[in-house]
Amino acid sequence: MKKFFTKIKDWFKRHKPSKRKLIQVYAALLYNANIKGFITGNIYQGATKFMCVPGLNCYSCPGAVGACPLGALQNALAASGTRAPAYVFGIIILLGLILGRTVCGFLCPVGLGQELLYKIRTPKLKKSKFTYILSYFKYIVLVVLVVAIPLMFGKSGSAVPGFCKYICPAGTFGGALALIVNPNNDGFLTMLGSLFTWKFAVLVVFMAASVFIFRIFCRFFCPLGAIYGFFSKIALLGVKLDKNKCTDCGLCVNACKMDIKRVGDHECIQCGECIAVCPTKAISWKGQKLFVHENAVGASAEEKPLAAFMKEETAVSQEPIANGAAAELAVASTQPSAENVSAVRAKQQKRNFWLQLSAWIAALALLAGALVYYNFIDKNDVSAVQVGDVCPTFTVQTYGEDNGEYKLTERTYSPADSLGKVTVINFWATWCGPCVAELPYFEQIQNAYPDEVQVVAIQGKADRDVVNFITVEKQWGEYSLLFAQDIVRGATCEVYKLLGGSSTFPYTVVLNKEGVIVYHSSQSLTYEKLDNIIAPYLG
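In this text the structure is predicted, and so the values were computed from the model without any measurement.

Basis of the calculations
Residues numbered from 1 in each chain as written. Predicted model: local features only at pLDDT ≥ 70, side-chain atom pairs only at ≥ 80, totals over all residues. Heavy atoms only, no water. Helix = DSSP H or I, 4+ residues; strand = E, 2+ residues; numbered from the N terminus. Buried < 20%, exposed > 50% of the residue type's maximum accessible area, 1.4 Å probe, protein only. Contact = heavy atoms within 4.5 Å. Areas by Shrake-Rupley, 256 points an atom, 1.4 Å probe, with all protein chains shown as cover. Phe/Tyr/Trp six-rings, centres within 6.5 Å; stacked < 30°, edge-to-face > 60°. Axes fitted to C-alpha atoms, helices over the stretch in contact; angles between N-to-C directions. Parallel < 35°, antiparallel > 145°, perpendicular 65-115°, else oblique. Left-handed = near helix turned anticlockwise from the far one by under 90°. Nonpolar A, V, L, I, M, F, W, Y, C, P; charged D, E, K, R; others polar. Salt bridge = Lys/Arg side-chain N within 4 Å of Asp/Glu carboxyl O. Polar contact = N/O pair within 3.5 Å; in protein donor to acceptor, adjacent residues only side chain to side chain. Patch = residues over 30% accessible without salt bridge, like charges linked within 9 Å, V, L, I, M, F, W, Y side chains within 5 Å.

Caption draft 1: Examining the overall build of the protein chain more closely. Counting its secondary structure elements, the protein chain contains 22 helices and 11 strands. A total of 539 residues make up the protein chain; the buried ones form 46% of that total. For the protein chain, contacts bridging at least 24 residues in sequence account for 74% of all contacts bridging at least 6. Element-wise, carbon and sulfur atoms account for 64% of the exposed surface of the protein chain, whose accessible area totals about 27,900 Å².

Caption draft 2: Geometry of the packing of aromatic side chains. What the rule picks out here adds up to 26 aromatic pairs. Their ring planes at 35° and their centres at 6.2 Å tell us that Phe-163 and Phe-217 sit as a pair that is tilted. Of this pair, Phe-163 sits in helix H10 (residues 162–166) while Phe-217 is found in helix H13 (residues 216–220), placing the two residues 54 residues apart along the sequence. Here Phe-163 falls in the buried class, since its relative accessible area comes to 0%. Ring centres of Phe-394 and Tyr-413 lie 5.5 Å apart, and the angle between their planes is 15°; this geometry places the pair in the stacked category.

Caption draft 3: Looking closely at the packing of helix H11 (residues 169–180) against helix H12 (residues 194–212). Closest axis-to-axis distance for the H11/H12 pair is 9 Å, and the angle between their directions is 120°. Viewed along their axes, H11 and H12 adopt a mutual orientation that is oblique. As H11 packs across H12, the resulting crossing turns out to be left-handed. Where H11 approaches H12, its residues Pro-169, Thr-172, Phe-173, Ala-176, Leu-177 and Ile-180 are matched on the opposing element by Phe-196, Lys-199, Phe-200, Leu-203 and Phe-206. Counted by class, the contact of H11 with H12 contains nine nonpolar, one polar and one charged residues.

Caption draft 4: Structural view of the environment of Leu-56. Residue placement: Leu-56 occurs in the loop between helix H3 (36–40) and helix H4 (69–80). Sequence separation between Leu-56 and Leu-107 is 51 residues; the distance between their C-alpha atoms is 8.8 Å. Excluding residues that lie within four positions of it along the chain, Leu-56 makes contacts with Cys-68, Leu-70, Cys-108, Pro-109, Val-110, Cys-168, Ala-170, Phe-217 and Leu-224.

Caption draft 5: Representation of the pattern of salt bridges. Applying the stated criterion to the full structure yields eight salt bridges. Between Asp-259 and Arg-219 there is a salt bridge whose closest N-O contact spans 2.8 Å. Note that Asp-259 is positioned in the loop between helix H15 (251–255) and strand S2 (283–286) and Arg-219 in helix H13, a separation of 40 residues in sequence. You can call Asp-259 buried: its relative accessible area is 2%. A salt bridge links Glu-452 to Lys-513, with the shortest nitrogen-to-oxygen separation between them at 3.4 Å. Of this pair, Glu-452 sits in the loop between helix H19 (433–448) and strand S6 (453–459) while Lys-513 sits in the loop between strand S10 (507–511) and strand S11 (517–521), placing them 61 residues apart in sequence. Residue classification places Glu-452 among the partly exposed positions, given a relative accessible area of 25%. Assessed through its relative accessible area of 17%, Lys-513 is described here as buried. Here the residues in one salt-bridge network are Arg-20, Lys-21, Glu-115, Arg-215 and Glu-273, joined through shared partners.

Caption draft 6: Main features of the environment of Ser-232. The residue Ser-232 is located in the loop between helix H14 (223–229) and strand S1 (238–241) in this model. You can call Ser-232 buried: its relative accessible area is 4%. The spacing of Ser-232 and Thr-102 is 130 residues in sequence and 8.7 Å in space, taken between C-alpha atoms. Leave out the neighbours within four places in its chain, and Ser-232 touches Arg-101, Gly-264, Asp-265, His-266, Gln-270 and Lys-286. Looking at Ser-232, its side chain comes within polar contact range of the main-chain oxygen of Asp-265, at 3.5 Å.

Caption draft 7: Molecular detail of a nonpolar patch on the surface. On the surface, a cluster of nonpolar side chains totalling about 590 Å² of accessible area is made up of Phe-89, Ile-93, Leu-94, Leu-97, Ile-98, Ile-234 and Leu-236. Within the secondary structure, Ile-93 is located in helix H5 (residues 86–98).

Caption draft 8: Main features of unusual backbone geometry. Here Asp-248, not a glycine, exhibits a phi torsion of approximately 55°, which is positive. Considering the arrangement of structural elements, one finds Asp-248 in the loop between S1 and H15. What makes Asp-248 exposed here is its relative accessible area of 69%. A positive phi angle, near 55°, is found at Gln-475, a position not held by glycine. The class of Gln-475 is exposed, set by a relative accessible area of 62%.

Caption draft 9: Spotlight on the environment of Met-51. With respect to the helices and strands, the residue Met-51 is situated in the loop between H3 and H4. The spacing of Met-51 and Pro-69 is 18 residues in sequence and 8.6 Å in space, taken between C-alpha atoms. When near neighbours in sequence (up to four residues on either side) are disregarded, Met-51 contacts Gly-66, Ala-67 and Tyr-87.

So this is what it looks like as structure tokens:
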């Protein structure tokens, strides 16, 4: 029995997570502290959602409490026009200057997921000249999908975040799949199309390849890593190489699974695993003096305390030495005793222990506070309205003809506008296939009950010219329902959120003749379903 427990103990020692793995898990939990989002199937849209987290973490993930820097950058570029998106640029530059690619090694959930998949025991593809060349492909992804496409389509009034829309596995896994599998979002399955099929296939390929290739997405495709790589040499935190101690043995480069040419270059994810393999202790953490006393036990734990001791305790006297015996005595007096060396090491190790313990306590307190706040205190992600509430007043811009030309006119709706008529408010988008498919049913309802029903179709964020889409592409110019445009600020459609929308389009709200909300849902509707919903409130 004793041997059995000894084997278990040894197994746990061999498989215990490293500090870096614990930090990676911690970062993933902190980014997705809105745990109740996974239960309700709603996307958090509270006060912190405008802030960018350092790593790649999808905005649309139900647990996400912040924005993804890549998504924010693409949306900002699309909406920038002639002005530079200074806020997003500033955030990314600040993160780059402080952390650099330390974000990739310690603070990115996508990197953690790939590393866990890589632990599966299979033959592995080793790095080579080919993988080194391929590592530059992420810069092409950065230029084309993150910068060029949003700028090109942004000028034409569209917002196409190319990387998020076509490639990003974090968006497919954390955003789309996390929402689709939730029982509360069973209507989402009807909205899936060819784009989701493509992105799901991309996700499967990345996950399968990660088993055989170390961090395949980070090395070859991630534009966020490409951006942070520009700051590798000047970032405050990361690893550094002392060229005076380096013997160019190449052990660090050979041990690294990334496609680096030297320690700390643009491909280095600053994981610090090379520190242990360096025989001359030439690699250490830069920036440690900002947080730890210069004599603390760190990367060169064996040397720093002794150096400090010898500097402080054994300065050689500058007085002339009379004879050889005195010289020998002076030299001997400068040598630290074994007891003093051990005492210095013990003191430094004790100080480091308490520093690390204090840091972990503070970090866990922050995580606990975030979990409590987002899951029990902050209510901003809860639908603004419920069935039985009186519809709040809201303002939209309505499309209407003016001398034969469609123009937008600001219009405010209040519950008084619904008195005597059932009001159907449908939130749709030009890029949403199910939205476009069901709009003719709303027109049929409007025509079937012209004196008892009023239908308003509110367009959310557009990826093309809405007027051209309505009048030319779909020839809806003669529709009797009223087309409107939501007020869009950043990533938020204000009226959509105000009336309970939290995740996707289409979304429909029905008011009875007193302006009270009697139905709201994101399910796709047919004419028959819509007729059954409003029938009890007619007459």
